[in-house]
Structure formats: C-alpha cells, structure tokens
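What follows is each chain in one-letter form.
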Amino acid sequence: MNFEDINNLQNAFQYGVNLGASPNVVSTSPTQSFMNTLPRRLSLSKQQKVLKPFSTGDIKILLLENVNETAIANFKEQGYQVDFHKGALPEDELIEKIKDVHAIGIRSKTHLTENVLKHAKNLVTIGCFCIGTNQVDLKYAAKKGIAVFNSPFSNSRSVAELVIGEIISLARQIGDRSIELHTGTWNKVSNRCWEVRGKTLGIIGYGHIGSQLSVLAEAMGLHVIYYDIVTIMSLGTAKQVSTLDELLNKADFVSLHVPETPETKNMISAPQFAAMKDGAYLINASRGTIVDIPSLIMAMKAKKIAGVALDVYPTEPGKNGAGTFVDSLNSWTSELVSLPNVILTPHIGGSTEEAQSSIGIEVSLALSKYINEGSSVGAVNFPEINLKPLDLDQENTVRVLYIHKNIPGVLKTVNNILSDHNIEKQYSDSQGEIAYLMADISAVNQADIKDIYEQLNNTEDKVSIRLLY
Ligand SMILES: NC(=O)c1ccc[n+]([C@@H]2O[C@H](COP(=O)([O-])OP(=O)(O)OC[C@H]3O[C@@H](n4cnc5c(N)ncnc54)[C@H](O)[C@@H]3O)[C@@H](O)[C@H]2O)c1
Ligand SMILES: O=C(O)CC[C@@H](O)C(=O)O
C-alpha cells in the first residue's frame, strides 16, 4: 500500500465510526431489550474524534453462516461494504472471497486454516460470532497480524437451557415417544422412565456453560458434581470432584462442556463408558470430537448407556438441507440414528434469537473498534491493548498501530522513527511471537504521516502497520 492509496481511502469513510449511533437492533424479549442497550453503553462520546481507517480499499466485510442481522446493521452503519452469505462456503470459494476482504465473520462451520488464511492479503481481523474459536488457526492468524475476536458467553445460557430440556427428555424417553406418535404408534409406557429429582448430574468443564447448567439443574432437585482441570468455586451445593473417573462413577447424567483441545479429543471413549454407571445418560453440546461415537454406539447396544443427546458431531454439514446428515459425512450415522433414546440436534445449542442478536452486536462492535481505533481488547490470539479514543481537538494527532515480531530491539527502532514527533501516549504488549504497539503522535502534518508510514513500513520486523488520523 502506498501513501496515495491511503489518501484515496478517506472518502470511503465519510459515514464515520461513531459506534453510538442508532443500532437498528431487533428487540423481542426483556432480556433482549437489556442487551439492546449494549451499543449505547459502549458508545463513543460525541466529543471524540472520528479516526479514518486506512486500507488498500474500502473496508470489506465477508459475513458467512447467517451471522445475525444486528451485525450487518452495525457494519453498514460504519460505512463498510458487507458481503453476506447464509451458509459456509466450500474451501475454494472461501479462498477466492477472502483474498481482498478486511474482516470476516464466521460461526462454527468455516475453517480458517493456514491454507485459507495465507490467501488473505488484506485481512485485519476475524470475528467468530460464537464461543468456540477452534475452527480458526489462531497461531497462524496472529503470525499474520490478524486479531481474532469471539463472544465468550452470549450463548451460554441458551446452551444450558437446551441441556436441561435434554436431561428430562432422555429420562422420559420423549424423543422416541414423539417419533412413534409422528408415525401413528401409541406407546404409553413407564418402564425405565424416571424423574430427575434426586439424581446426580456430572458436569465436565465448569466454565460459563457448565456453571449455568449447575444452577439450573439444582433448581430441579438434581445433585451436581463437576470435574474441571482447574479448581473452580462451586455454585450452590455443587461439588468439584478430583478425577474424571470419580465423576463418571457417580453421575446418572454426564454433560460435556469442555473446549476442543488435543487433551479433550475422544475424552469420552470405551474406558470412560465402562467407568459410567449402568443406565447412565450422556449429553454432548460442546464439540463433536470429544466423544468417540463408535464406542458410544457399542456402549448403547450393550445397554450400558440408556440414552444420549448430541448437538455436535466430528464432521458437520456446511449448510442446512435434506440429505446432509448421512453416512458419507460420518460413517456411523445410520447406525446411530437406528438406536433408541438418541436425541440428535443440528448444533443449535446457541441458536436462540436472544443469543444470536447479542453475539451479533458484541462481535461487530469488537471488530469495528479494532478496525477504527485499533483496540484489541477481547482478542483471543493477540495482545490486548487499548488507548482512549482521541478527542476532537487533537486534530493533528496520528494513531500508529504497529504489529511486529516479539524480538528484542524492535521498540528501539520504532521509537527512533517516532522520536522526531511528540509521542503523547504509547502502549505495547506481547503474546507469544507477536507484539502490538499503539501510539498517539501529535503535531503531525500530512507529509509527516507519509514519512512515518514509509519508515515504519520498511522496518525489518514489522508484521503489519496501520495509521489512523
Ligand atoms: N452446542 C453449541 O451450540 C455450543 C455453544 C457454545 C459453546 N459450545 C462449546 O462449549 C464449550 C464450552 O463452552 P464454555 O463457554 O462453557 O467454555 P469455558 O471456557 O467457559 O469453560 C470450559 C471449561 O472447561 C475446562 N476444561 C478445559 N479442558 C478441560 C479438560 N481437559 N478437562 C476438564 N475440564 C477442562 C476449563 O477449565 C473451563 O472451566 C465451548 O468451547 C464450545 O466448544 C457449544
Ligand atoms: O453458532 C455456531 O455455529 C456455534 C455455536 C457454538 O458451538 C459456539 O461455539 O458458540
């Protein structure tokens, strides 16, 4: 990018970046109306200076997987160009599209691997409009200077509520009774149908979702035990157990709420099914790789496990539609669907109006703040830094956003370049191989901007650079 490109961009941002402007949020419930105040609560003051972002073209945002309309509205309000798609894209199309966008918004189906990201020439930031970020190569993204944001808890309650519904549905075999009646069969039975009161729920992973579930489950009279790799304060009368086996030995219902990591891959497999109580139930609304499904099928056929609810799968279809959940996707599909008391949902744990609308607002604000101001607060792969927005009277102040390799001597080089000017504020932090410096430089004229840009751009250890003014 040369300086002329930079100047040509300014008109593209004539709509400014005031995040406080009306958000066009859809309101559907009391919870929602609280969440709808989020943009106002996070808004920039009217007295703040509107910074003009630079890039090689207008800011282009690619939104996949039916990201909520609240995000589209927020991005459009920034003046960005939004390319919206309901589903995920096949890899070749994704590679074509990602080549010239500055930001991409995805959910769980789009895999932003090194192979995809290496084609992203202008990508500044990635928004995961969900909790999980395992679908993104976070390390490679950081190496390329791309900040990744997510929504750490906006759909936690929705998942916990789904699991509560599934606990009762499994205990009462509701899925099977419903399928039977749909096909004309009246089957009024009580055999092996239970109340949940007094039973034990074992929660694996006591984070945002696991702890919400704990509170809801106790309200229904379940005893709660949980296993986590860190010691976590229990809510209510729940008790942390020290081993996974102890939890599996004691729980009537086991619910998984751990992230996808190398340690959690096939965390529940044949030995763990063997350790579970006879007739126990399993619920997985975390990630599909955590349960070894062929072992689950064996445990169910042996009547060791009385029922299972799955919301996530090792491989999931990229789009909605008939004929997508079949053996060619996961070889065991037809065997699994033929078993009794198996509740299967299409990764809808976080799919409620409330959650999706909140996530849309939260992640689009984080991306806009990063694009417009450089604030990386909330980034999951990147040093989190922020400087307060510039005031209107700071007319000749330039904000330098400099991402560089985390090696000795870089700051000395950068500060040598900046030393002819007044560095009003500077904030720098590092995470792993990457470091990020934000600096506000005052008394800078147009020619100085060009000079600062070119000098910084020529530094050896630069990963990427943006100047805002
Ligand atoms: N089905 C859905 O639609 C849906 C929606 C949201 C989240 N999720 C999934 O649920 C997972 C959990 O979400 P969360 O917000 O509660 O995450 P979280 O980070 O708040 O909590 C995860 C907990 O798991 C623990 N943990 C990590 N590794 C562990 C291990 N090996 N053994 C035991 N405990 C371990 C952590 O210490 C933490 O307490 C997410 O990572 C995501 O994959 C699914
Ligand atoms: O909305 C999605 O696709 C993902 C939901 C969930 O798995 C998450 O990680 O938040």
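Before reading on, note that the structure itself is shown above.
Now for a description of the structure that goes with this document. What you see is a predicted model; the values in this text were computed from it and never measured.

## Quick look at the site of ligand 2
Neighbouring residues of ligand 2: R107, S108, C130, I131, G132, N155, R287 and H347. Within the contact set of ligand 2, an oxygen atom lies 2.9 Å away from a side-chain nitrogen or oxygen of N155. Contacts to ligand 2 include R287, whose side-chain N or O atom sits 2.7 Å from an oxygen atom. Here ligand 2 has 290 Å² of accessible area as a free molecule, and 91% of this is covered by the chains. Residues belonging to the shell around ligand 2 are distributed by class as follows: 2 nonpolar, 4 polar and 2 charged.

## What about helix α17 (residues 446-457)?
Between its terminal C-alpha atoms α17 stretches 17 Å, which fits the 16 Å expected from 12 residues at 1.5 Å a residue. Those residues of α17 that fall on the buried side of the exposure criterion are D448, I449, I452, Y453 and L456. Down the axis, α17 shows its buried residues gathered within 135° of arc, on one side only. Its side-chain oxygen placed 3.1 Å from the backbone nitrogen of A447, N445 serves as the N-cap of α17.

## Section: the site of ligand 1
For ligand 1, the set of nearby residues contains 25 residues, the closest of which are H208, I209, D228, A285 and D311. Here an oxygen atom of ligand 1 and a backbone polar atom of I209 are 2.9 Å apart. The fraction of the free accessible surface of ligand 1 (860 Å²) that becomes covered by protein chains is 86%. A class-by-class count of the residues in the shell around ligand 1 yields 12 nonpolar, 10 polar and 3 charged.

## Things to note about the sheet that holds strand β1 (residues 60-63)
As summarised here, the arrangement of the 5 strands in space is β2-β1-β3-β4-β5, forming an open sheet in which the pairing is parallel. The sheet terminates laterally at β2 (81-84) and β5 (147-149), the two strands that pair on one side only. The average angle at which neighbouring strand axes cross in this sheet is 15°, direction not considered. Note that β1 and β2 share 4 bridges and pair parallel. In the strand pairing of β2, K60 is matched with Q81. Of the strands in this sheet, β1, β3 (103-106), β4 (125-128) and β5 are in contact with helix α15 (residues 353-373), which crosses β4 at around 170°.

## Here we look at the pattern of salt bridges
Taken as a whole, this structure holds 14 salt bridges when the rule is applied. In this structure, D252 engages K277 in a salt bridge whose closest nitrogen and oxygen atoms are separated by 2.9 Å. Of this pair, D252 sits in the loop between α11 (244-250) and β9 (253-256) while K277 is found in the loop between α12 (270-275) and β10 (280-284), placing the two residues 25 residues apart along the sequence. When its relative accessible area of 32% is taken as the criterion, K277 is described as partly exposed. One salt bridge in this structure joins R399 and D440, with 2.8 Å as the shortest N-O distance. Separated by 41 residues along the polypeptide, R399 in strand β13 (residues 398-405) and D440 in strand β15 (residues 434-442) bring together distant segments of the chain. Exposure remark for R399: the relative accessible area of 0% places this residue in the buried category.

## Describing the environment of I203
Along the chain, the position of I203 falls in strand β6 (residues 200-204). Sequence-distant contacts of I203, defined by excluding residues within four places in its chain, comprise G210, L213, S214, V224, I225, Y226, Y227, L247, S255 and H257.

## So, the sheet that holds strand β16 (residues 462-468)
Spatial strand order, β14-β15-β13-β16: 4 strands in an open sheet with antiparallel pairing. Of all the strands in the sheet, just β14 (422-431) and β16 have a single pairing partner and so form its edges. Averaged over all pairs of adjacent strands, the angle between their axes in this sheet comes to 10°, without regard to strand direction. Where α15 meets the sheet, its contacts fall on β13, β15 and β16, and the angle it forms with β16 comes to roughly 85°. Across the face of the sheet, helix α16 (residues 410-418) comes into contact with β13, β14 and β15 while running at roughly 155° to β13.

## Remarks on the environment of L89
Inspection of the secondary structure assignment puts L89 in the loop between β2 and α5 (91-98). Sequence-wise, L89 and A71 are 18 residues apart; in three dimensions their C-alpha atoms are separated by 19 Å. In this structure L89 touches L64, L94 and K97, once residues within four positions along its chain are discounted.

## Things to note about unusual backbone geometry
One non-glycine residue, R192, lies in positive phi territory at about 60°. Within the secondary structure layout, R192 lies in the loop between α9 (174-182) and β6. Even without a glycine there, the phi angle at H347 is positive, about 50°. Within the element layout of this structure, H347 appears in the loop between β12 (342-344) and α15. The exposure class assigned to H347 is buried, which follows from its relative accessible area of 18%.

## A look at the packing of aromatic side chains
A complete count under the given rule lists 8 aromatic pairs for this structure. Measuring from ring centre to ring centre gives 3.5 Å for Y206 and Y226, while their planes differ by 10°; the resulting arrangement is stacked. Note that Y206 is positioned in the loop between β6 and α10 (208-219) and Y226 in strand β7 (residues 223-227), a separation of 20 residues in sequence. Through successive ring pairs, a cluster of aromatic residues spans F149, Y370, F382 and Y436. Here R466 stacks its cationic end above the ring of Y370, 5.2 Å away from the centre of that ring.

## Details of helix α13 (residues 293-301)
Residues of α13 that are buried: I293, S295, L296, I297, A299 and M300. If you follow the buried residues of α13, they end up packed against α12, β10, β11 (305-310), α14 (333-337) and β12. A positive phi of about 65° marks K303, the residue just after α13.

## Here we look at the environment of S376
Structurally, S376 is set in the loop between α15 and β13. Residue classification places S376 among the buried positions, given a relative accessible area of 0%. Sequence-wise, S376 and N386 are 10 residues apart; in three dimensions their C-alpha atoms are separated by 6.4 Å. Excluding residues that lie within four positions of it along the chain, S376 makes contacts with F149, Y370, F382, P383, E384, I385 and Y436. Among the polar contacts listed, one links the side chain of S376 to the backbone oxygen of P383, at a separation of 2.7 Å.

Analysis parameters
Residues numbered from 1 in each chain as written. Chains lettered and ligands numbered in written order. Predicted model: local features only at pLDDT ≥ 70, side-chain atom pairs only at ≥ 80, totals over all residues. Heavy atoms only, no water. Near = heavy atom within 4 Å. Polar contact = N/O pair within 3.5 Å; in protein donor to acceptor, adjacent residues only side chain to side chain. Areas by Shrake-Rupley, 256 points an atom, 1.4 Å probe, with all protein chains shown as cover. Nonpolar A, V, L, I, M, F, W, Y, C, P; charged D, E, K, R; others polar. Helix = DSSP H or I, 4+ residues; strand = E, 2+ residues; numbered from the N terminus. Expected span 1.5 Å × (residues − 1). Buried < 20%, exposed > 50% of the residue type's maximum accessible area, 1.4 Å probe, protein only. Arc of directions from axis to C-beta. Pairing = 2+ DSSP bridges. Axes fitted to C-alpha atoms, helices over the stretch in contact; angles between N-to-C directions. Contact = heavy atoms within 4.5 Å. Salt bridge = Lys/Arg side-chain N within 4 Å of Asp/Glu carboxyl O. Phe/Tyr/Trp six-rings, centres within 6.5 Å; stacked < 30°, edge-to-face > 60°. Lys NZ or Arg CZ within 6 Å of the ring centre and 35° of its normal.

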